[in-house]
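Residue-level structure breakdown
Below, each chain spelled out in residue letters.
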Amino acid sequence: MRTTAFLIVLSVSLATTAVSMGIWAISLTAQVTTMTASAAAAAIANRKAIAAAVLRTKAKARLRRALVVIPVAGIAAAAVFERKDYLEWKEDNPDGDLEAYGCEVGAVSAEVVDDVLQDLPEKVRPSRDWLLTRMPDCDEPAPVADVAHGSSRTASAP
């Protein structure tokens, strides 16, 4: 009798444990499915936001290029754009002056000059050396803001 009672209690315990483990597995599967769907939706939303930001940036650049082509409006537009860039730089560098800004812009421009020249048609492309000689000549390296890491590093002068 004791052995039979023990086997019945053991069987009921194992059956209850098996059912509860099955319910727990189904619950975790549902949670994983929900989290996967949420992650996929977030990824799609992020891709759309990035694509919209890229399109907006390209549209701004296109408008700037179009305005610069018009002689009088182009000069005014270029001055406005450069002033805006300087004021944004000044917010990050409150102790900096116009000369430091020019050195930093010159250093960064020297780094990307080859990429910019490759985009220009060969007939209107100035020589790389001619362009580099027109950039500011700075004695000490200018600090270049590292936006991705929130710090600054030192760039070499051209």
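The rules we used
Residues numbered from 1 in each chain as written. Predicted model: local features only at pLDDT ≥ 70, side-chain atom pairs only at ≥ 80, totals over all residues. Heavy atoms only, no water. Helix = DSSP H or I, 4+ residues; strand = E, 2+ residues; numbered from the N terminus. Buried < 20%, exposed > 50% of the residue type's maximum accessible area, 1.4 Å probe, protein only. Contact = heavy atoms within 4.5 Å. Areas by Shrake-Rupley, 256 points an atom, 1.4 Å probe, with all protein chains shown as cover. Expected span 1.5 Å × (residues − 1). Patch = residues over 30% accessible without salt bridge, like charges linked within 9 Å, V, L, I, M, F, W, Y side chains within 5 Å. Salt bridge = Lys/Arg side-chain N within 4 Å of Asp/Glu carboxyl O. Bend = angle between axes of the 7 residues up to and from the residue. Phe/Tyr/Trp six-rings, centres within 6.5 Å; stacked < 30°, edge-to-face > 60°. Axes fitted to C-alpha atoms, helices over the stretch in contact; angles between N-to-C directions. Parallel < 35°, antiparallel > 145°, perpendicular 65-115°, else oblique. Nonpolar A, V, L, I, M, F, W, Y, C, P; charged D, E, K, R; others polar. Polar contact = N/O pair within 3.5 Å; in protein donor to acceptor, adjacent residues only side chain to side chain.

**Things to note about the overall build of the protein chain**
A count of helices and strands for the protein chain gives four helices and two strands. Going from the N terminus to the C terminus, the protein chain shows its helices and strands as α-α-α-α-β-β. Across the 158 residues of the protein chain, 11% fall into the buried class. Counted over contacts in the protein chain with a minimum sequence separation of 6, partners at least 24 positions apart contribute 29%. For the protein chain, the exposed surface amounts to about 12,600 Å²; the carbon and sulfur share of it is 65%.

**Brief notes about helix H2 (residues 71–92)**
Working note: α-helix, 3.6 residues per turn, so residues spaced by three or four point in the same direction. Spanning 22 residues, H2 covers 32 Å between terminal C-alpha atoms, matching the ideal 32 Å at 1.5 Å per step. Burial in H2 covers these residues: Gly74, Ala77, Tyr86 and Trp89.

**A few points about a nonpolar patch on the surface**
The grouping of Phe6, Leu7, Leu10 and Leu14 at the surface amounts to a nonpolar patch, some 400 Å² of accessible area in total. Checked against the element boundaries, Leu7 lands in helix H1 (residues 2–69).

**What about helix H3 (residues 98–119)?**
The principal kink in H3, of about 55°, is found at Val112. Every buried residue of H3 is listed here: Tyr101, Cys103, Glu104, Gly106, Ala107, Ala110, Val113 and Leu117.

**A few points about the packing of aromatic side chains**
In total, this model carries three aromatic pairs according to the counting rule given. Relative to Trp89, the ring of Tyr86 lies with its centre 6.0 Å away and its plane at 25°, an arrangement referred to as stacked. Taken together, the residues span about one helical turn, with Tyr86 and Trp89 both in helix H2 at a distance of three residues. On the basis of relative accessible area, Trp89 is assigned to the buried category, the value being 10%. With 5.1 Å between their ring centres and 75° between their planes, Tyr86 and Tyr101 make a pair best called edge-to-face. Separated by 15 residues along the polypeptide, Tyr86 in helix H2 and Tyr101 in helix H3 bring together distant segments of the chain. Across the pair, exposure class does not vary: Tyr86 and Tyr101 are buried alike. Taken together, the ring pairs connect Tyr86, Trp89 and Tyr101 into an aromatic cluster.

**Considerations on the packing of H2 against H3**
Relative to each other, H2 and H3 sit at 105°, their axes nearing to 11 Å. Taken as axis vectors, H2 and H3 run roughly perpendicular relative to one another. Between H2 and H3, the residues in contact are Glu82, Asp85, Tyr86 and Trp89 and Leu98, Ala100, Tyr101 and Glu104, respectively. Classifying every residue of the contact of H2 with H3 gives five nonpolar, no polar and three charged.

**So, the environment of Ser11**
On the secondary structure map, Ser11 appears in helix H1. Among the residues examined, Ser11 registers a relative accessible area of 45% and is labelled partly exposed. Among the polar contacts made by the side chain of Ser11, one reaches the main-chain carbonyl oxygen of Leu7 at a distance of 2.8 Å.

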